[in-house]
Structures are given as structure tokens and as C-alpha cells.
Amino acid sequence: MNAFWRKDNFKAKNLLPFLQLLLADQLTKWTRKSGKIDNPVIILGCGRSGTSILKESVSAHDRIATYPFEANELWHPRYYPWHESKMDIPPYWVDPVGFCAHTQSQMTDHDEARLRASFGNFQTISGKDHLLLKSAMVSFMVPRLIELIPNLRFIHLVRDGRAVAYSYAKKQHELATRKSEYYGSTEFNQSMDELLISCSHLWQRSIDKMIDVDKELGLTDEGRMLTVRYEDFCEKPEKVSQSIFSWMHLPSDGVNKDAYPNIRSTNAQFERKLESSILESMTHIMKAGLAHHGYQQ
């Protein structure tokens, strides 16, 4: 619940879902009952890939209950946000595999029950038959997500890694500057160029992980995962949204077309802002992922 009071979450459009979430939280706390999680879908991908704007668009459907926050406090209890935790492990963007392995090893039965109850009770109170979740910190724990919510399906959002790394590095640099009392004395207080390299590795590792888990579990072949490119979504948001509704087995007439947000790609920023030398280094790190998703030959 603390997530709501963060400045970037406190928006008028979140008020009704928050009230529903507040009721769900009280139901979970006082009755220990858990509503059923029906037709759950989670949008995931490397941070700064556009998952928030995609969630906003998909949320326009009148049969979808959209959990208002990323729920990282539920996925990673007591370790999100990292700078408010014990800080005894590297942050997610430095070592996503180690971070996720540690947080899941620390997850108690109570944590698991709370997570399922929070989602289930929220959906029950919303009165809708599809549940939409979103997190940019779960790509390295897909088998664990299925263990927690067996009927979960996945929308994997992919964006040009150079744009992702630039946006991620800029945000992390601003956070470290603003929270210097936490980051200043650690090895994670990196320069912008160091962050660009770290975030490039994070993007490539995220892409590799999703490719591997898809092959291992057959998610795409079984209709459990849909991969969407940010650039395609920005170019034709209504068309891509309709393809998502079709994949979710939802009728196309359940959405008000005026509800689609004003969407435009911001990819051009990295080309304007980054020097050629650092851009070349980033591109080399992400070469395989960029080629796999059609960003480079």
C-alpha cells in the first residue's frame, strides 16, 4: 500500500483502483480470504521499455481490472525499493539474477499468501473477469511467477536496447543523486557512462533470459506469451492493443477508442544525446538482442 503515496503513483486516474485496493487490503488482513485470480496477464520487460504506457492502453478495456501499481513490494518483499531495504545485496539493475534469487529465498508462506490475496481480492472487488498486472522487475523469475500464479500469462514488451539503457541510466543517475545518503558510500554510485554500460548489460541479459525461458517452457507456442515491440505500439497503438485483446480472448468492442493515450516514441533521444564512442560500446554489448528483435542486421 505504501506504493500509492509515492509521487509518481499519486494520480487522479489511480483513485478508484486505489480505493478498491484499499478494500482488498482490509479484506486480506481481517478475513484472510483470497478471491480467485481469473485470466491474469502480466506485462513485463526490461525497465524503461514502455510497460507503463502499454498498461494504460490495455487498461482501457471494460472487462480488465488493472492493478494500479507494479506490486514490486509484493514480488520482492522487504527489498523494494532497494535503498530502503537492508541493502545487503546488489540492486536489481546490477545483478537481477542474484537479486531475484535472494528475494524469493526470503519469501515466506505469509508473503506468498498475501501476494495472491492482494491480487485476487482486488479483482473480486473490481467485479471484472480479467486481471492485468505489470512489473519491470520480474523477467528473471518467470518460472517462479507461474509457481505463484499457475494460470498467469505474459506480455513481453521489447524496446530498442539503446533507448532503454539511456532512459534507465538517466533515471538511476537522478535517483542516486537524490538519494546520495544511501548511494554515495556504495559502489553503485556510478557515473553516467558507467551506468550506460551497466544498463546495456541489463537489457541484453533480460532479452537472453526471456528467449531462454520461452524455449524452455514453450510459452509462445502454447499461447501463454505475446511479444510486443514498443516501436510497433507507438506507431499503431490501437492496432497493437486490439491484437492484445484478441490474444486475451476479449471482444474488440469493449474499449472506448478515446481512452487510448497520446503515444509517441522517444527513441530518438539516445541518438541525439549520446556520444558516438559510448553508443558504439552499448551497441556492441547489445548486438545479439538488437539483431534478434529486428533493430539491427
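Our subject is the structure listed above.
Residues numbered from 1 in each chain as written. Predicted model: local features only at pLDDT ≥ 70, side-chain atom pairs only at ≥ 80, totals over all residues. Heavy atoms only, no water.

Visitor: Talk me through the packing of aromatic side chains; I want residue IDs and the actual numbers.
Guide: Scanning all chains against the criterion turns up seven aromatic pairs. Measuring from ring centre to ring centre gives 4.9 Å for Tyr-67 and Phe-119, while their planes differ by 90°; the resulting arrangement is edge-to-face. Of this pair, Tyr-67 sits in the loop between strand E2 (64-66) and helix H3 (72-75) while Phe-119 sits in helix H5 (residues 109-126), and the two are 52 residues apart along the sequence. Of the two residues examined, Tyr-67 and Phe-119, each falls in the buried class. For the pair Trp-82 and Tyr-183, a centre-to-centre distance of 5.4 Å together with 45° between the ring planes defines the contact as tilted. With a gap of 101 residues between them, Trp-82 in the loop between H3 and helix H4 (96-105) and Tyr-183 in helix H8 (residues 180-183) connect regions that are remote in the sequence. (Phe/Tyr/Trp six-rings, centres within 6.5 Å; stacked < 30°, edge-to-face > 60°. Helix = DSSP H or I, 4+ residues; strand = E, 2+ residues; numbered from the N terminus. Buried < 20%, exposed > 50% of the residue type's maximum accessible area, 1.4 Å probe, protein only.)

Visitor: Quick rundown of the sheet that holds strand E3 (residues 130-134)? Include the residues and the values.
Guide: Hydrogen bonds between backbone groups are what pair the strands of a sheet, and the pairing can be parallel or antiparallel. Taken together, the five strands give an open sheet; going across it, the order is E2-E3-E1-E4-E5, and neighbouring strands pair in parallel fashion. Only two strands of the sheet have a single neighbouring strand rather than two, namely E2 and strand E5 (225-229). Each strand of the sheet is rotated relative to its neighbour by a mean of 25°, with strand direction disregarded. Strand contacts of helix H9 (residues 192-217): strand E1 (40-44), strand E4 (153-158) and E5, with the helix running at about 145° to E4, the strand carrying the most contacts. Running at roughly 180° to E5, helix H11 (residues 237-247) makes contact with E1, E2, E4 and E5 of the sheet. (Pairing = 2+ DSSP bridges. Axes fitted to C-alpha atoms, helices over the stretch in contact; angles between N-to-C directions. Contact = heavy atoms within 4.5 Å.)

Visitor: Give a description of the nonpolar core that names residues and reports values.
Guide: Residues Trp-75, Phe-119, Leu-133, Ile-149 and Phe-154 are the most contacted members of the largest nonpolar core, which totals 64 residues. Examining the composition of this core, we find that nine residues originate from one element, H9, more than from any other. Other than its neighbours up to four places away in sequence, Phe-119 contacts Ile-37, Tyr-67, Ala-71, Leu-74, Trp-75, Leu-131, Leu-133 and Ile-149. Val-58, Leu-132, Cys-234 and Ile-263 belong to the second-largest nonpolar core, a separate cluster that totals 21 residues. (Core = buried A, V, L, I, M, F, W, Y, C linked by side-chain atoms within 4.5 Å.)

Visitor: Describe the pairing of E3, and please don't skip the residues or the numbers.
Guide: Burial within E3 is extensive, with five of its five residues counted as buried. Across four bridges, the pairing between E1 and E3 is parallel. Within E3, the position partnered with Val-41 by the bridge is Leu-132. Where E2 meets E3, three bridges bridge the pair, whose relative direction is parallel. Looking at E3, one finds that Ala-65 is bridged to Leu-131.

Visitor: I'd love a proper account of the environment of His-284, names of residues and values included.
Guide: As for its position among the elements, His-284 is in helix H13 (residues 276-285). Sequence spacing of His-284 and Ser-200 is 84 residues, and the spatial spacing of their C-alpha atoms is 9.3 Å.

Visitor: I'd love a proper account of the environment of His-61, names of residues and values included.
Guide: Residue placement: His-61 occurs in the loop between helix H2 (51-58) and E2. Residue classification places His-61 among the buried residues on the basis of a relative accessible area of 1%. Sequence spacing of His-61 and Gly-254 is 193 residues, and the spatial spacing of their C-alpha atoms is 5.3 Å. Here His-61 is in contact with Phe-245, Leu-250, Pro-251, Gly-254 and Val-255, once residues within four sequence places are set aside. Side-chain polar atoms of His-61 contact the backbone oxygen of Pro-251, separated by 2.8 Å. (Polar contact = N/O pair within 3.5 Å; in protein donor to acceptor, adjacent residues only side chain to side chain.)

Visitor: Run through the pattern of salt bridges, naming residues and quoting values.
Guide: Applying the stated criterion across every chain yields a total of 10 salt bridges. Across the pair Arg-144 and Glu-147 runs a salt bridge, and its minimum N-O distance is 2.6 Å. Taken together, the residues Arg-144 and Glu-147, both in helix H6 (residues 142-148) and three residues apart, mark about one turn of the helix. Residue classification places Glu-147 among the exposed positions, given a relative accessible area of 53%. Three or more residues joined by partner-sharing salt bridges are found here, namely Glu-112, Arg-116, Arg-144 and Glu-147. (Salt bridge = Lys/Arg side-chain N within 4 Å of Asp/Glu carboxyl O.)

Visitor: I'd love a proper account of H5, names of residues and values included.
Guide: An ideal rise of 1.5 Å per residue puts 26 Å on 18 residues; H5 measures up with 26 Å between its terminal C-alpha atoms. Those residues of H5 that sit buried are Asp-111, Glu-112, Leu-115, Ala-117, Ser-118, Phe-119, Gly-120, Asn-121, Phe-122, Gln-123 and Ser-126. (Expected span 1.5 Å × (residues − 1).)

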